[in-house]
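Examining the three-dimensional arrangement
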Amino acid sequence: MRVIEQRNDTARLVAIYKSKARLPLEDLKREQEVIASAVEAGKRHGLSEDRVRTFFADQIKASKFVQSAVMTNGLFEKLPDLAPGEDLASLRIVLDQMQEELLSSLAAFDNANYRERCRILVGTALESKKRQKGYPLMMMAATAQATLSLCKSD
Ligand SMILES: O=C(O)C(=O)C[C@]1(C(=O)O)C=C[C@@H](O)C=C1
């Protein structure tokens, strides 16, 4: 949950960068690279191609959801400035560095074999965000999107 949130938070910075640089939100070639690299690395964690593909597709969907919200917001108000050096290339490196932690968390989650308790666990984790004062609804919705495939049994 924590790494998923970090990824969505980085997506927010990517969106600020892209908005200012007038770059398109979507880069399908990059998406394929992200998924292919995760599938490859997932093997070392004993994760099936299907599992990794679906999970990372959800991460990318969540990231695009965050980005479209930020970009829409940018139409109405000035977006915050990024720190120097926070450009697309360096933000992508940050996203890549999260891949390993996402995969090990996913493998640990699957090995815990939550099965029927899974939905309750994910639901409770989301619910606890609600109590965190000022936690943006948009980020919560992104986490919900990013955790969609967690409880799917194959
Ligand atoms: O790297 C980017 O350009 C991003 O916006 C991040 C990301 C991702 O979540 O990995 C999301 C949308 C793009 O289509 C490609 C990749």
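This text goes with the structure placed above it.
Report follows, based on the coordinates. Here the residue numbers are simple positions, counted from 1 along each chain's written sequence. Only residues with pLDDT of at least 70 are given local features in this predicted model, and only at 80 or more are side-chain atom pairs given and counted; all residues enter the totals for whole chains, interfaces and linings. Side-chain calculation: all heavy atoms of the structure are included, whereas hydrogens and water are not.

**Some thoughts on the packing of aromatic side chains**
Between 30 and 60 degrees the pair is tilted, below 30 it is stacked and above 60 it is edge-to-face, where a pair is any two Phe, Tyr or Trp rings, Trp via its six-membered ring, whose centres lie within 6.5 Å. Summed over the entire model, instances satisfying the criterion amount to two aromatic pairs. When the centroid spacing of 5.7 Å and the interplanar angle of 80 degrees are considered together, the rings of Phe55 and Phe56 count as edge-to-face. For the pair Phe55 and Phe56, a shared accessibility class is recorded, and that class is buried. Summary of the burial criterion: residues with accessible area below 20% of their type's maximum are buried, those above 50% are exposed, and those between are partly exposed, where the area comes from a 1.4 Å probe applied to protein chains only.

**Some thoughts on the packing of helix H5 (residues 118–130) against helix H6 (residues 137–146)**
Contact geometry for H5 and H6: axes closest at 10 Å, N-to-C directions at 175 degrees. Overall, the two elements H5 and H6 adopt an arrangement that is roughly antiparallel. When H5 is examined against H6, the residues Leu126, Lys129 and Lys130 are found in contact with a partner set consisting of Met140, Thr143 and Ala144. Classifying every residue of the contact of H5 with H6 gives three nonpolar, one polar and two charged. Helix axes are fitted to C-alpha atoms over the stretch in contact, other axes to C-alpha atoms as well, and angles between N-to-C directions run from 0 to 180 degrees. The helix and strand labels rest on DSSP assignments: H or I over at least four residues marks a helix, E over at least two residues marks a strand, and numbering proceeds from the N terminus. When an angle is under 35 degrees it counts as roughly parallel; over 145 it counts as roughly antiparallel; between 65 and 115 it counts as roughly perpendicular; any other value is oblique. Note on contacts: a residue pair is in contact if any heavy atoms of the two residues lie within 4.5 Å. Residues are grouped as follows: nonpolar covers Ala, Val, Leu, Ile, Met, Phe, Trp, Tyr, Cys and Pro; charged covers Asp, Glu, Lys and Arg; every other residue, Gly included, is treated as polar.

**Some details on the nonpolar core**
Grouping buried Ala, Val, Leu, Ile, Met, Phe, Trp, Tyr and Cys residues that are joined through side-chain atoms within 4.5 Å yields what is termed a nonpolar core. Val52, Phe55, Phe56 and Leu150 are the most contacted members of the largest nonpolar core, which has 38 residues in total. Ranked by residue count, the leading element in this core is helix H4 (residues 88–111), at nine residues. If we skip the residues at most four places from it in the chain, Phe55 touches Ile4, Leu102, Leu106, Ala146, Ser149 and Leu150.

**Let's talk about unusual backbone geometry**
Despite not being glycine, Asn113 has its phi angle at roughly 55 degrees, a positive value. Structurally, Asn113 is set in the loop between H4 and H5. Judged by its relative accessible area of 44%, Asn113 is partly exposed. The phi dihedral of Arg115 falls on the positive side, at around 40 degrees, and the residue is not glycine. Structurally, Arg115 is set in the loop between H4 and H5.

**A short note on the site of the ligand**
One heavy atom suffices: a residue is near a molecule or strand as soon as one of its heavy atoms comes within 4 Å of it. Around the ligand, the structure places 16 residues, and the nearest of them are Arg7, Lys18, Asp27, Glu31 and Arg92. Counted as a polar contact is a pair of N or O atoms within 3.5 Å, where, for protein atoms, one must be capable of donating a hydrogen and the other of accepting one, and residues adjacent in sequence contribute only when both atoms are in side chains. In the environment of the ligand, an oxygen atom lies 2.8 Å from a nitrogen or oxygen atom belonging to the side chain of Ser63. Exposure was quantified through the Shrake-Rupley algorithm and a 1.4 Å probe, taking into account, for residues, occlusion by the shown protein chains and nothing else. For the ligand, whose free accessible area comes to 360 Å², the fraction covered by protein is 100%. Both cavities and pockets are sets of points on a 1 Å grid over the protein atoms alone; in a cavity a 1.4 Å probe fits but cannot get out, in a pocket the set is open with protein on both sides within 12 Å along at least five of seven lines, and lining residues sit with an atom within 4 Å of a point. What decides whether a molecule sits in a cavity or pocket is whether more than half of its atoms lie within 2 Å of the grid points. Judged by the proximity of its atoms to the pocket grid, the ligand belongs to the largest cavity.

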